[in-house]
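Descriptive structure summary
These are the residues of each chain, in order.
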Amino acid sequence: MCAIKTEDHSRYPMAEVLVNVAAQDVDRTFDYLIPPALSDQLQKGARVVVPFGPRKVQGYVLNIKDVHEEPQHRLKSVEQVLDEKPPLTEELIELGHWMKREYTCLLVSAMEAMIPAVLKAKTKRKVTYQNGKRQTTYEVADKVTQRVQTFVKLCVPEQEVGHHLEKLHAKAVKQRKVLTTLAERQQAWLLSDLLAACDTTLSTVKALEEKGLVQRVKKEKRRDPYAAHHFERSSPLPLTEEQQQALQQITAQVDRQESRTFLVHGVTGSGKTELYLQSIAYILEQGKEAIVLVPEISLTPQMVERFKGRFGEQVAVLHSRLSSGERYDEWRRIRDGQVKVAIGARSALFAPFQNLGLIIIDEEHESSYKQEESPKYHARDVAIFRAQYHQVPVVLGSATPTLESFARAQKGVYQLISLHQRIQGSQLPEVEVVDMRQELKAGNRTMFSRPLYEKINACLERREQMVLFLNRRGYNTFVMCRDCGYVAECPHCDISLTFHKRDGAHRCHYCGYEERQLSVCPQCESEHIRFFGTGTQKVEEELYKHFPGIRVIRMDVDTTQKKGAHEQHLQAFREQKADCLLGTQMIAKGLDFERVTLVGVIAADALLHLPDFRAAEKTFQLLTQVSGRAGRHELPGKVVVQSYTPDHYSIETASKHDYNTFYQLEMKNRRQRGYPPYYFLTLITFSHPDLPYLVKVCEQSVQWVKQQVSPNTIVLGPVASPIPRIKDRYRYQCMIKYRDEPQLGGLLTQLIERNDIHINKNDLILQVDRNPQILM
Ligand code: ADP
Ligand code: ZN
Ligand code: ZN
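A word on helix H5 (residues 173-184). Its twelve residues give H5 an end-to-end C-alpha distance of 16 Å, which sits within 8% of 16 Å, the value for a rise of 1.5 Å per residue. Gln175, Val178, Leu179, Thr181, Leu182 and Ala183 are the residues of H5 that are buried.

Okay, the domain arrangement of the protein chain next. Taken domain by domain, the protein chain comprises domain 1 (12-141), domain 2 (148-220), domain 3 (241-424), domain 4 (430-477 + 533-672) and domain 5 (680-770). Distance between the C-alpha centres of domain 3 and domain 5: 35 Å.

Now for the coordination of the zinc ion (ligand 2). The protein atoms that coordinate the zinc ion (ligand 2) are Cys481 (SG), Cys484 (SG), Cys521 (SG) and Cys524 (SG), at distances spanning 2.2 to 2.3 Å. With four donor atoms in place around the zinc ion (ligand 2) and angles of 106 to 113 degrees between them, the coordination shape is tetrahedral. Donor residues for the zinc ion (ligand 2) sit on one chain with the sequence pattern C-x2-C-x36-C-x2-C. Residue classification places Cys481 among the buried residues on the basis of a relative accessible area of 0%. What makes Cys484 buried here is its relative accessible area of 15%.

All right, on to helix H7 (residues 202-210) then. Listed in full, the buried residues belonging to H7 are Thr204, Val205, Ala207 and Leu208. Taken around the axis of H7, the buried residues stretch over an arc of 155 degrees, which confines them to a single face. Two residues or fewer after H7 comes Gly212, characterised by a positive phi angle close to 75 degrees.

The subject of this paragraph is the environment of Gln257. On the secondary structure map, Gln257 appears in the loop between helix H8 (241-256) and strand E11 (260-266). Looking at Gln257, the relative accessible area reads 55%, which means it is exposed. Spatially, the C-alpha atom of Gln257 lies 57 Å from that of Glu209, the residues being 48 residues apart in sequence.

A separate point is the sheet that holds strand E12 (residues 289-293). Spatially, E13-E14-E12-E15-E16-E11-E17 is the arrangement adopted by the seven strands of the open sheet, whose pairing is parallel. Every interior strand has two partners, whereas the edge strands, strand E13 (315-318) and strand E17 (415-419), have only one. Pairs of neighbouring strands in the sheet enclose a mean axial angle of 15 degrees, with direction left out of account. Set on the sheet, helix H11 (residues 324-335) makes contact with E13 and strand E14 (341-344); between it and E13 the angle comes to about 145 degrees. Each of E11, E12, strand E15 (356-362) and strand E16 (393-398) is contacted by helix H12 (residues 379-390), which is oriented at about 165 degrees to E15, the strand it contacts most.

Turning next to the environment of Ser519. Structurally, Ser519 is set in the loop between strand E23 (514-516) and strand E24 (529-531). Expressed as a C-alpha distance, the spacing of Ser519 and Arg530, which sit eleven residues apart in the sequence, is 8.4 Å. Apart from residues no more than four positions distant in its own chain, Ser519 is found in contact with Ser526, Glu527 and Ile529.

In this chain, Ser374 is followed by Pro375 through a cis amide linkage whose omega measures -5 degrees. Residue placement: Pro375 occurs in the loop between E15 and H12. Residue Pro718 is reached from Gly717 by a cis peptide bond, and omega for that bond is 10 degrees. Relative to the elements of secondary structure, Pro718 occurs in strand E30 (residues 714-726). At Gln257, a residue that is not glycine, the phi angle is positive and equals roughly 55 degrees. Positive phi, normally seen in glycine, also occurs at Gln576, with a value near 55 degrees. Tracing the backbone shows Gln576 in the loop between helix H17 (565-574) and strand E26 (580-583).

Right, let's get into the packing of aromatic side chains. Under the definition given, this model contains 15 aromatic pairs. The interplanar angle of 70 degrees and the centroid separation of 4.8 Å between the aromatic rings of Phe406 and Tyr663 together place this pair among those described as edge-to-face. Of this pair, Phe406 sits in helix H13 (residues 403-410) while Tyr663 sits in helix H21 (residues 659-673), placing them 257 residues apart in sequence. We classify Tyr663 as buried; its relative accessible area is 7%. Ring plane angle 35 degrees and centroid distance 5.0 Å describe the contact between Tyr453 and Phe547, whose orientation is recorded as tilted. Here Tyr453, found in helix H15 (residues 450-461), pairs with Phe547, found in the loop between helix H16 (536-546) and strand E25 (552-555); they are 94 residues apart in sequence, far enough to count as distant. Among the aromatic residues, ring-to-ring pairing joins Phe406, Phe620, Tyr649, Tyr659, Phe662 and Tyr663 into one connected group. A cation over a ring is seen here: Lys737 above Tyr675, with NZ or CZ 4.4 Å from the ring centre. The ring of Tyr679 has Arg739 sitting right over it, with the charged end atom 5.5 Å from the ring centre.

The next subject is the site of ligand 1. Residues in close proximity to ligand 1 total 15 residues, the closest being Pro238, Gln243, Gly269, Thr273 and Arg306. Within the side chain of Thr273, a nitrogen or oxygen atom sits 2.6 Å from an oxygen atom of ligand 1. Considered on its own, ligand 1 offers 550 Å² of accessible surface; in the complex 77% of this is hidden by protein. The greatest single-element share of the shell around ligand 1, amounting to three residues, is contributed by helix H9 (residues 272-285). Among the residues making up the shell around ligand 1, the classes are represented as five nonpolar, seven polar and three charged.

The geometry of H5 relative to H7 is characterised by a closest axis approach of 9 Å and an angle of 75 degrees between their N-to-C directions. On the basis of the axis angle, H5 is roughly perpendicular to H7. Between H5 and H7, the contacting residues are Lys174, Gln175, Val178 and Leu179 on the first element and Thr204, Ala207 and Leu208 on the second. Per-class residue counts for the contact of H5 with H7 are four nonpolar, two polar and one charged.

Now for the sheet that holds strand E18 (residues 430-435). Read across the open sheet, the six strands follow the order E18-E28-E27-E19-E26-E25; overall the sheet is parallel. In the strand order of this sheet, the two ends are held by E18 and E25, each with one partner. For this sheet, the mean inter-axis angle between neighbouring strands, taken without regard to orientation, is 15 degrees. Two strands pair when backbone bridges link them, and strand E27 (residues 596-601) and strand E28 (residues 638-643) are joined in this way by four bridges, in the parallel orientation. In the sheet register, Leu598 faces E28, and the bridge partner there is Lys638. Along the sheet, H17 makes contact with strand E19 (465-469), E25, E26 and E27, crossing E25 at roughly 155 degrees.

It is worth spelling out the side chain of Lys370 at this point. Secondary-structure assignment places Lys370 in the loop between E15 and H12. Under the relative-accessibility criterion, Lys370 is labelled buried at 2%. Polar contacts involving the side chain of Lys370 include one to the main-chain carbonyl oxygen of Arg770, which spans 3.5 Å. Once residues within four sequence positions are removed from consideration, Lys370 is found in contact with Arg346, Lys376, Tyr377, His378, Asp769, Arg770, Asn771, Pro772 and Gln773.

Turning our eyes to something else, we now look at the confidence of the model for the protein chain. Of all residues in the protein chain, 92% have pLDDT values of 70 or greater, and the mean over the chain is 87. A low-confidence stretch, residues 1-7 (pLDDT under 50), is modelled with two contacts involving residues beyond four sequence positions or located in other chains.

All right, on to the pattern of salt bridges then. Evaluated as defined, the whole model comprises 32 salt bridges. The salt bridge involving Arg614 is made with Glu404; its shortest N-O contact spans 2.9 Å. With Arg614 in the loop between helix H18 (605-608) and helix H19 (615-627) and Glu404 in helix H13, this pair connects stretches of sequence that are 210 residues apart. On the basis of relative accessibility, which here comes to 5%, the residue Arg614 falls in the buried class. Judged by relative accessible area, Glu404 falls into the buried class, the value being 13%. Between Glu542 and Lys538 there is a salt bridge, with the nearest N and O atoms lying 3.6 Å from each other. Taken together, the residues span about one helical turn, with Glu542 and Lys538 both in helix H16 at a distance of four residues. Looking at Lys538, the relative accessible area reads 41%, which means it is partly exposed. Members of the salt-bridge network, linked through shared partners, are Glu16, Asp31 and Lys65.

So, how was this worked out
- Residues numbered from 1 in each chain as written.
- Chains lettered and ligands numbered in written order.
- Predicted model: local features only at pLDDT ≥ 70, side-chain atom pairs only at ≥ 80, totals over all residues.
- Heavy atoms only, no water.
- Helix = DSSP H or I, 4+ residues; strand = E, 2+ residues; numbered from the N terminus.
- Expected span 1.5 Å × (residues − 1).
- Buried < 20%, exposed > 50% of the residue type's maximum accessible area, 1.4 Å probe, protein only.
- Domains from an automatic or database assignment.
- Donors = N, O, S within 2.8 Å, 3.2 Å for Na, K, Ca; no water.
- Tetrahedral: all angles 85-135°; square planar, octahedral: opposite > 155°, others 65-115°.
- Arc of directions from axis to C-beta.
- Pairing = 2+ DSSP bridges.
- Axes fitted to C-alpha atoms, helices over the stretch in contact; angles between N-to-C directions.
- Contact = heavy atoms within 4.5 Å.
- Phe/Tyr/Trp six-rings, centres within 6.5 Å; stacked < 30°, edge-to-face > 60°.
- Lys NZ or Arg CZ within 6 Å of the ring centre and 35° of its normal.
- Near = heavy atom within 4 Å.
- Polar contact = N/O pair within 3.5 Å; in protein donor to acceptor, adjacent residues only side chain to side chain.
- Areas by Shrake-Rupley, 256 points an atom, 1.4 Å probe, with all protein chains shown as cover.
- Nonpolar A, V, L, I, M, F, W, Y, C, P; charged D, E, K, R; others polar.
- Parallel < 35°, antiparallel > 145°, perpendicular 65-115°, else oblique.
- pLDDT = per-residue confidence, 0-100.
- Salt bridge = Lys/Arg side-chain N within 4 Å of Asp/Glu carboxyl O.

Printed below as a string of structure tokens:
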């Protein structure tokens, strides 16, 4: 028989603490005793300070338990509790464990991804000298900053103020002034305002305080980044038939209290955002909360205004341009239940709501939803995890869904909702594709084709505005023939070969295939085969040269680094202080300008020949988005796309706004080549300062992986990474292509464990990327 001990002295409350040390071998919880003095304050999910070896470190309490037997060896105790209100909820802790399994990341990186930066304290190493002896101590510095303001308030009833005034010394003029001022306005004054209003100093207030007449109180002031903005209140619009049906499907799912993923496929201007707003209104009525993810780039004032305008104070906005203090305050408004809707970029997904009713991911095809540093998670997967936890719907929206999502919708894994019509009945703009090979043949060596040149001039004459787009990513990685548009591709992988200046070779970075540098085009024998590329600055110069008097606003990484620069440029363009907005990716989406009637894509090929199996898909998405910028209002819009491969199906279908045909053709391609959505991909990257050592470890690892996976799985590599060396570390990679490999997560964890000795002793870094987005 086993007796249950109930006496308190036989209970040992313990915390399972995940220490904030990013290392494989300590990436688990350790038990710490909870001293009686802390037991009331300490909750699961809180941050604590614990002794760990010679140091003190911060950690997360992932569980609290009672142990009924005296611990075998002496346990250390929790030293300090950093949070009264834990930043990690039960759900987020569970999510962290899931992320570790799913993404083969450290548990501690998963937890860190979920909390605001200011809560990620670092230990400070302090060296002191005592009697000539060197002593090292470690302190955990809590970076939390709160802005505190001091207020002054009356401590006596107003009707008694007169009586107290009489009792004051005749000469205490300032004290009288302060007292009457406080009595007049029947609320506390901000100390600094009060002192200014009474033209006095703190000593006056202190004197009154000693007499027990007034009191200073400190109140925290939360930063509100949108305090200065006024948002026009908006009400729900009467929905179109299509929108109405879409809304019904979503609300019916909410009522069923079951998780389900919807894919809303609708062209720009088909009323997706209005649909999101009304879906959110529905769950707010039920006292629930919503998360809305939008790409960082489209977190423009226009977008924020639509949500703040509809839901006012209930909305928190999270984006990277906020200071870490501002972010922290927005985050606390979410945690403390002061807001009901969180809108933001990827990380807003971890908003610590407890009664979540809906998650929306707008522009679901955006690559920024994948985090590229550890934990390498995809927002879509995490959203689905949270939605299942709460048994609520996820809504993915896009005019150009990813092939993965659309294929899932075709199979019924997601529920497809299509919005076919633009709300205002306006037509999608006409797209003209210009063949740049013909321009060259006709003797035009400038970067503006004749049709684009004419249209720019006409636009300037009509005093309307234009957006010119140049994609800079991918420049200088490939070599193209200007006469026929030929670009070297890997015969095995169907992606462009990457040119390596160092040894003048063209290489495939998926499988390692290699070709020598070309001096003539293998297709047409032309000598006009060279690097492709130009920068925005060059385009700007050319614009001034060819169109005297044109006013250009250039937006690229160089001109938008300063805080607020992004908005300022857009505002200036909106106020028509320029004729032309010239820029990279960042101007491609979410913007809506009434007077823009011309959109020009300077070189569609730059994206098309990225050494990436998604190059065609990205080209289609981008062209569709930039075309969406023209003619959104009364003025009709025109789009000109310049290309050396104008008959490529991604360019052709995009110019006809034909998603379905593009989808069919691209799916065929993916099936033939064994790419997603037919196959899953996992990329493993190894890095080390010593090349021969790295290659050896890599080859052994890849050999081992090949033996473990199922026969249908393809393991490519090891090959040098597209960027073969970063910060003096060589990089090698291996790609796994598979259809069904349910044990892969565990296998990758084993791979890391097998390489333990290389990782811990010899500085090897091994990174796993499940469903990688960037393969460059
Ligand atoms: P999307 O998000 O698909 O680009 P929006 O929701 O932004 O579409 O809608 C495009 C425009 O049409 C916006 O100006 C919006 O206010 C307006 N709109 C949306 N739904 C309706 C509706 N039911 N009635 C009238 N106007 C609408
Ligand atoms: Zn050629
Ligand atoms: Zn290849």
